[in-house]
Amino acid sequence: MQPARLGARSSRFVAATLLGILVLTQPSRAQTALETPQQTNDRIKALSAASHAPSGEYIVGRGDLVAVDVFDVPELSREVRVSQTGTIGLPLLPVRLVVSGLTEIQVEQKIAEVLEANGLVSHPQVIVSVKEKKSKPITIVGAVARPMVYSADRQVTVLEVLAEAGGISNDAGDTVIVSRPDQSSTDSSSEPPEIAPADLTATPSAAAAPAADTSGPSNQTNQNASNSTASAVPPPLSNIITINLNELLEAGDSRHNIVLQGGDIVTVPHAGIVYVLGAVAHPGGFVVTNDREQLSTLKALALAGGMNATARKSQAVIIRKDAAGQQHQVIVDLGKVLKQETEDVKLQASDVLYVPQSGSRAALIRAAEIGLGIGTAVAIFRVGQRN
């Protein structure tokens, strides 16, 4: 007696079971979770608001615009730009003052001491404020809503600059790369520089040098041009820090929410989106970054919730563009793939897997229409891991 053949309902049950096994029985993996990019960005904003780095007094740096106000001495009161060597110059002072690395209060004290030591002002009262904070630029580029250069006036974290950039875009990957300049080319110490003896009392030779050297302006111009050329060369990027965005957002691991430094470049790499459309439970685009090299038709179907009862499994279509931008279509028999009668097909970034409905018109024609309008017509889901 021949065993009875499985009915349509039993076949669908087996198919759904196989799809579930693909994503729910992977060893040592957390539970797969889907969310929209907007939900991810909402969590970035919430975590950013709750994880502000402790603020402190602003440290003056190269490129900042500093306003110096000497009470009752308007000749010495002015706005000056901190040079690339970290110094400022004031009228009547024979030396330039090193202010990079000092707080506003420390700059006030330094200017007052130099003015009094050189006999220019008796008991000077100095007020210093930073008008433009340009010394600590943090660049955010890549898959973010608004790539920008953020001028940090305090300590900021990765989550804070991501929130400032409007969050991540639809195709953002699951990593954040921080490129940090070579610290040997900048101030090696976080301690403010001490006041040098030359800052307090100018030597006669130093004071007389501008008048005695007739070629001074020319030499000074050449020297300034040389210094400007040297300072225009950006410092090499020697420190690359890779942060797992999923671990930061899902597990709440604050170790990944590092404090950024001036000159850091924060890059969010783009990742491929695979679209699953047609007769599936949850059609949409899926940003799968953890194992996108291994993404296949069955895994994509599992993310989409499996096929509907009316799906024409034998006429599924993969739409793929080649390097020249030409669109190609390949028919995939998902029924045979489910039964392991044929090899599962690996998917690539921007692939469209279309599963037609039974009784619909030709799958190839319908798939072509979907491929043309897919850019904004479907929902996008990010694939994360929940413990």
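Enquirer: Looking at this structure, I do not really get the overall build of the protein chain. What am I missing?
Expert: Each helix and strand in the protein chain was counted, giving twelve helices and 17 strands. Classification of the 387 residues of the protein chain by burial places 38% in the buried group. Surface accessibility of the protein chain: about 21100 Å² in total, with carbon and sulfur atoms responsible for 54%.

Enquirer: When you look at the side chain of Asn257 in this model, what are you seeing that I'm missing?
Expert: Checked against the element boundaries, Asn257 lands in the loop between helix H8 (245-250) and strand S11 (265-268). With a relative accessible area of 11%, Asn257 lands in the buried category. There is a polar contact of 3.0 Å between the side chain of Asn257 and the backbone nitrogen of Leu159.

Enquirer: So what exactly am I meant to see when it comes to the side chain of Ser296 here?
Expert: Tracing the sequence through the fold places Ser296 in the loop between strand S13 (284-287) and helix H9 (297-303). Judged by relative accessible area, which is 4%, Ser296 ranks as buried. Look past the residues within four positions of Ser296 in its chain and what remains in contact with it is Asp344, Val345, Lys346 and Leu347.

Enquirer: Is there a simple way to think about the packing of aromatic side chains in this case?
Expert: What characterises a pair of aromatic rings is the spacing of the ring centres plus the angle enclosed by the ring planes. Under the criterion given, the structure shown has zero aromatic pairs. Over the ring of Tyr58 we find Lys133; its NZ or CZ atom is 4.8 Å from the centre of that ring.

Enquirer: Hey, could you run me through helix H3 (residues 104-117) in this one?
Expert: With 14 residues, H3 should reach 20 Å at 1.5 Å per residue; the first-to-last C-alpha distance of 20 Å fits that figure. For H3, the set of buried residues is Val107, Glu108, Lys110, Ile111, Ala112, Val114 and Leu115. The first or second residue beyond H3 is Gly119, which carries a positive phi of 70°.

Enquirer: When you look at the sheet that holds strand S6 (residues 126-132) in this model, what are you seeing that I'm missing?
Expert: Sheets are built from strands that pair by backbone hydrogen bonding, the pairs being arranged parallel or antiparallel. Strand order in the open sheet formed by three strands is S3-S2-S6, and the pairing between neighbours is antiparallel. Edge positions in the sheet fall to strand S3 (78-81) and S6, since each of these pairs with one other strand and no more. Ignoring which end each strand starts from, the neighbouring axes of this sheet average 25° apart. Here strand S2 (residues 65-70) runs beside S3; their pairing, made up of four bridges, is antiparallel. Residue pairing in the sheet places Val66 in a bridge with Val80 of S3.

Enquirer: Help me understand the pairing of strand S15 (residues 327-332), please; the structure alone is not making it clear to me.
Expert: Within a regular strand, the side chains alternate between the two sheet faces. Two elements, strand S14 (residues 316-321) and S15, share six bridges in a ladder whose sense is antiparallel. Note that in S15 the partner of Val317 across the bridge is Ile331. Hairpin remark: S14 followed by S15, antiparallel, with five residues in the connecting loop; positive phi at Gly325, about 85°.

Enquirer: Mind showing me how you'd approach unusual backbone geometry here?
Expert: When glycine is set aside, most residues are seen to have a negative phi, and most peptide bonds are trans. Unusually for a residue other than glycine, Gln340 sits at a positive phi of about 60°. Its relative accessible area of 70% is what places Gln340 among the exposed residues.

Enquirer: Explain the pattern of salt bridges here, please?
Expert: Charged atoms that come close allow side chains of opposite charge to pair. Within this structure, the stated rule accounts for three salt bridges. Of the charged contacts in the structure, one is a salt bridge between Arg320 and Asp351, with a shortest N-O distance of 2.6 Å. Highlighted residues: Arg320 in strand S14 and Asp351 in the loop between helix H10 (334-338) and strand S16 (352-355), separated in sequence by 31 residues.

Enquirer: Quick question: what am I supposed to make of the environment of Ala300 here?
Expert: Along the chain, the position of Ala300 falls in helix H9. Residues in contact with Ala300, not counting those within four places in the same chain, are Val276, Leu295, Leu347 and Leu353.

Enquirer: For this particular structure, what's the right way to read the confidence of the model for the protein chain?
Expert: The predicted coordinates should not be examined in detail at positions where pLDDT is low. With 66% of its residues at a pLDDT of 70 or more, the protein chain shows a mean pLDDT of 74. Mean pLDDT across the secondary structure elements of the protein chain bottoms out at helix H6 (residues 204-212), with 39, and peaks at S11, with 93. With pLDDT under 50 throughout, residues 1-11 is counted as low confidence; its partners more than four residues away or in other chains account for one contact. Overall, residues 13-30 carries pLDDT values under 50, and its contacts beyond four positions in sequence, including any with other chains, amount to 18 contacts.

Enquirer: Can you walk me through the environment of Gln84 in this structure?
Expert: By the secondary structure assignment, Gln84 is in the loop between S3 and strand S4 (87-88). For Gln84, a relative accessible area of 42% gives the class partly exposed. Here the alpha-carbon distance between Gln84 and Ser135, two residues 51 residues apart in the chain, equals 9.6 Å.

Calculation rules
Residues numbered from 1 in each chain as written. Predicted model: local features only at pLDDT ≥ 70, side-chain atom pairs only at ≥ 80, totals over all residues. Heavy atoms only, no water. Helix = DSSP H or I, 4+ residues; strand = E, 2+ residues; numbered from the N terminus. Buried < 20%, exposed > 50% of the residue type's maximum accessible area, 1.4 Å probe, protein only. Areas by Shrake-Rupley, 256 points an atom, 1.4 Å probe, with all protein chains shown as cover. Polar contact = N/O pair within 3.5 Å; in protein donor to acceptor, adjacent residues only side chain to side chain. Contact = heavy atoms within 4.5 Å. Phe/Tyr/Trp six-rings, centres within 6.5 Å; stacked < 30°, edge-to-face > 60°. Lys NZ or Arg CZ within 6 Å of the ring centre and 35° of its normal. Expected span 1.5 Å × (residues − 1). Pairing = 2+ DSSP bridges. Axes fitted to C-alpha atoms, helices over the stretch in contact; angles between N-to-C directions. Salt bridge = Lys/Arg side-chain N within 4 Å of Asp/Glu carboxyl O. pLDDT = per-residue confidence, 0-100.

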